Amino acid sequence: MLEFDLQENGLRKLNSALHDQKENSNQTVWKVTNPKGSHSIAVGIDAPIEVNIEGSTGYYCGGMNKQANINVKGSVGPGVAENMMSGKVVIDGDASQYAGATGHGGLLVIKGNASSRCGISMKGINIVVHGNIGHMSAFMAQSGNLVVCGDAGDALGDSLYEAKLFVRGKVKSLGADCEKKEMRPEHLELLEQLLSDAECDAKPEEFTRYGSARKLYNFNIDNSDAY
Amino acid sequence: MNKIGKTKIPHTTPRYSATFSNDINSDIRRAAATGIYDIRGGGAKRKLPTFDDLLFLGASISRYPLEGYREKCETSVTIGTRYAKNPIELDIPITIAGMSFGALSGPAKEALGRGASAAGTSTTTGDGGMTPEERGHSSKLVYQYLPSRYGMNPDDLRKADAIEIVVGQGAKPGGGGMLLGQKISDRVAEMRNLPTGIDQRSACRHPDWTGPDDLEIKILELREITGWKVPIYVKVAGARPYYDTTLAIKAGADAIVLDGMQGGTAATQDVFIEHVGQPTLAIVRPAVQALQDLGMHREVQLILSGGIRNGADVAKALALGADAVAIGSAALIALGDNDPIYEEEYNKLGTTAGAYDDWHEGMDPAGITTQDTELMKRFDPIEGGRRLRNYLKVMTLEAQTIARACGKNHLHNLEPEDLVALTIEAAAMAQVPLAGTDWYPGKPGTSY
Ligand SMILES: Cc1cc2nc3c(=O)[nH]c(=O)nc-3n(C[C@H](O)[C@H](O)[C@H](O)COP(=O)(O)O)c2cc1C
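Residues numbered from 1 in each chain as written. Chains lettered and ligands numbered in written order. Predicted model: local features only at pLDDT ≥ 70, side-chain atom pairs only at ≥ 80, totals over all residues. Heavy atoms only, no water.

1. Some details on the overall build of chain B
Then, in step 1: When helices and strands are tallied, chain B shows 15 helices and 18 strands.
Then, in step 2: The globule rule puts the C-alpha radius of gyration for 448 residues at 22 Å, and the 23 Å found for chain B is close to it.
Then, in step 3: In terms of overall dimensions, chain B has C-alpha extents of about 90 × 65 × 45 Å along its principal axes.
Then, in step 4: By the burial criterion, 55% of the 448 residues in chain B qualify as buried.
Then, in step 5: When contacts within chain B are restricted to residue pairs at least 6 apart in sequence, those whose partners lie at least 24 apart make up 66%.
Then, in step 6: Carbon and sulfur atoms provide 54% of the accessible area of chain B, an area that totals close to 19000 Å².
Then, in step 7: On chain B, the mean spot of the 48 positive side-chain charges and the mean spot of the 55 negative ones are 3 Å from each other. (Helix = DSSP H or I, 4+ residues; strand = E, 2+ residues; numbered from the N terminus. Rg over C-alpha atoms; globule rule 2.2 N^0.38 Å. Buried < 20%, exposed > 50% of the residue type's maximum accessible area, 1.4 Å probe, protein only. Contact = heavy atoms within 4.5 Å. Areas by Shrake-Rupley, 256 points an atom, 1.4 Å probe, with all protein chains shown as cover. Lys, Arg positive; Asp, Glu negative; His and termini not counted. Charge placed at Lys NZ, Arg CZ, Asp CG, Glu CD.)

2. Quick word on the site of the ligand
Residue and element names in this part refer to chain B.
Then, in step 1: Inspection of the region around the ligand gives 25 residues, with Gly 98, Asp 259, Gly 307, Gly 328 and Ser 329 positioned closest.
Then, in step 2: In this structure, Ser 100 approaches the ligand through a main-chain N or O atom, which is 3.5 Å from a nitrogen atom.
Then, in step 3: Within the side chain of Asp 259, an N or O atom sits 2.6 Å from an oxygen atom of the ligand.
Then, in step 4: Contact with the protein chains removes 98% of the 600 Å² of surface that the ligand exposes when unbound. (Near = heavy atom within 4 Å. Polar contact = N/O pair within 3.5 Å; in protein donor to acceptor, adjacent residues only side chain to side chain.)

3. Some remarks on the packing of helix α2 (residues 106-118) of chain B against helix α14 (residues 381-405) of chain B
Residue and element names in this part refer to chain B.
Then, in step 1: One can describe the packing of α2 onto α14 by two numbers: an axis separation of 7 Å at closest approach and a directional angle of 40°. Viewed along their axes, α2 and α14 adopt a mutual orientation that is oblique. Here α2 and α14 pass one another in a crossing that is right-handed. Across from Pro 107, Glu 110, Ala 111, Leu 112, Arg 114, Gly 115, Ala 116 and Ala 118 in α2, the residues of α14 making contact are Pro 381, Ile 382, Gly 384, Gly 385, Leu 388, Arg 389, Leu 392 and Lys 393.
Then, in step 2: Here the residues of the contact of α2 with α14 sort into nine nonpolar, three polar and four charged. (Axes fitted to C-alpha atoms, helices over the stretch in contact; angles between N-to-C directions. Parallel < 35°, antiparallel > 145°, perpendicular 65-115°, else oblique. Left-handed = near helix turned anticlockwise from the far one by under 90°. Nonpolar A, V, L, I, M, F, W, Y, C, P; charged D, E, K, R; others polar.)

4. With respect to the interface of chain B and chain A
Then, in step 1: With 43 residues of chain B at the contact, the number on the chain A side is 36 residues.
Then, in step 2: Both sides together, the interface formed by chain B and chain A hides about 3300 Å², and carbon and sulfur atoms give 57% of it.
Then, in step 3: Looking at the side of chain B facing chain A, the largest losses of area belong to Arg 201, Pro 207 and Glu 224 of chain B, adding up to 21% of the total buried there.
Then, in step 4: Linking chain B with chain A are four salt bridges.
Then, in step 5: The partner of Lys 66 of chain A in a salt bridge is Asp 155 of chain B, with the nearest N and O atoms 2.5 Å apart.
Then, in step 6: Scanning the region where chain B abuts chain A turns up 15 residue pairs in polar contact (both at pLDDT 80 or more).
Then, in step 7: Secondary-structure elements contributing two or more residues to the side of chain B that touches chain A are α4 (154-159), β12 (200-201) and α6 (211-225) of chain B. (Buried area = accessible area lost by both parts, 1.4 Å probe. Salt bridge = Lys/Arg side-chain N within 4 Å of Asp/Glu carboxyl O.)

So, to be careful, I would describe these as geometric facts and stop short of saying anything about function.
In structure tokens:
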């Protein structure tokens, strides 16, 4: 394991060292100490390594991640794992706005709560939040799965495309074109897997599924109030 | 009845209303029949103050000209000198603006790459991501980072020669993208991760940042991901050029792309195109002022776009302080868009060559703004690339002709003092004297 003190060595050194990791590196476990809310920690990694961040981070922690497992022993600022492609990012604490925004793949786990716009414009990522999520979450979400073990705020799934949303608790309100959907066996199976990957002991049967009503997919004057 | 006593009352000639013109009435009938606003491509079509309202003075006794073919007039420009390890070096100060794959066909994007590369300049991706055709044929490719983030990924980001964060477009300051179902082919849908055939509305704001402080953090993230190697541009619509330029510089941009309201779009509401934003002529000086106030003129480069058509426009943009220009619509016309050779087919679409702007419908007879495989076949990317190269060369020669006449050995040495304005409006906007006077509205030391 390699230990990296961020305050001492600086962000540029950290990210360039992480980018230099080759597929077959034997230096697979990294510990980052003293993150102190810094932005852009461990962004753009493309190697199957593990990065453990010992504290809370600022914006865009794990942004555009590929392959890596990133664990934050604290809370994260806005845009954690934004545009993630693959790999796994796990947050022990809470996440600020836009968690997992535009993510294409991989798994983002938030063990606390996530703020507004969680999963905005998601494009294939899986997100599991153990707690609650804020308003406007999954806005224009295109694909992937958002699992919320607690409650969801206002306007969940507004202008949703094909992403699947699963909420265990209450939903304050649904956004335009988002509706309750039937939970079929394949959804229960999918949930089972996601919950187990996210180390969450909730039962798939306790969730409700939401998805796109697909009424806004083509312009129609009768839907003009929703535009 | 048409008589007063024995006198017949003569008819006045039929008179159209300037307020309710035929154009306006047809808009009203269209709205009444469909219940939806008109969407079209292109830029503002209304008459606006433009670079045509400016003239160069040329040389005289006080300034002497350079010899046409013997004395050099340099045209190169380097973009990204502020922070990037690898700034972009261009042979000519005319770049190809971002136009999306989706709006344009794959072969059209290839032709833009071929033409730009042959002329020694850069081309730019668009909403929809980077295609191999475009990367492969562009020696310098700018990768757009848009609110939709369609196709955005770190591998393409690292393949780019520069990154352009798009905040706005001149045709629609504050508006998001639009690509209607007819053009969401399987390939386009896959790149954008959307169902085939839907009307795609993309977001108008970035999903993970708002405001100048966030932008600074976003720029830091992109630099960290790309190892501080490539320049980062910020593209804004010409809405509030002084403040937007100031804030983009403060946020750490290497270059500002500023797009006036004549700037083209692939598809936007007509009302948006015609009524929001400012003309290109009006936005250059405030942006240059912002650069100068921060001591960043020529350090952070300014790329101006919106209605640039010929070497005179290029020379005028540079004289007012821009470092380079970008062209969209003009490049498409060079490729063959709106060419009268397809007049019959334009007529069938209810329009005429030169006026065709329903690019969103995907039926382009010239095979450029389409995803229809049959129409696409009409367009030859090699020939298209050659035409674009020729056109870029001509524009450059024209700008050089003017610069030499003004005694300048580099296009960048053109200056506002080389210009006069033909109208009071243009004088005010460009802050150059009205022809025949030493005055422009707002000139320091004058009372109005
Ligand atoms: C067909 C077409 C597609 C465009 N797509 C984009 C785009 O994806 N992203 C963007 O920032 N601007 C886009 N633009 C705007 C251009 O980048 C540029 O701002 C504009 O075309 C410049 O004005 P001009 O057309 O008068 O040269 C597009 C323009 C056209 C004509």
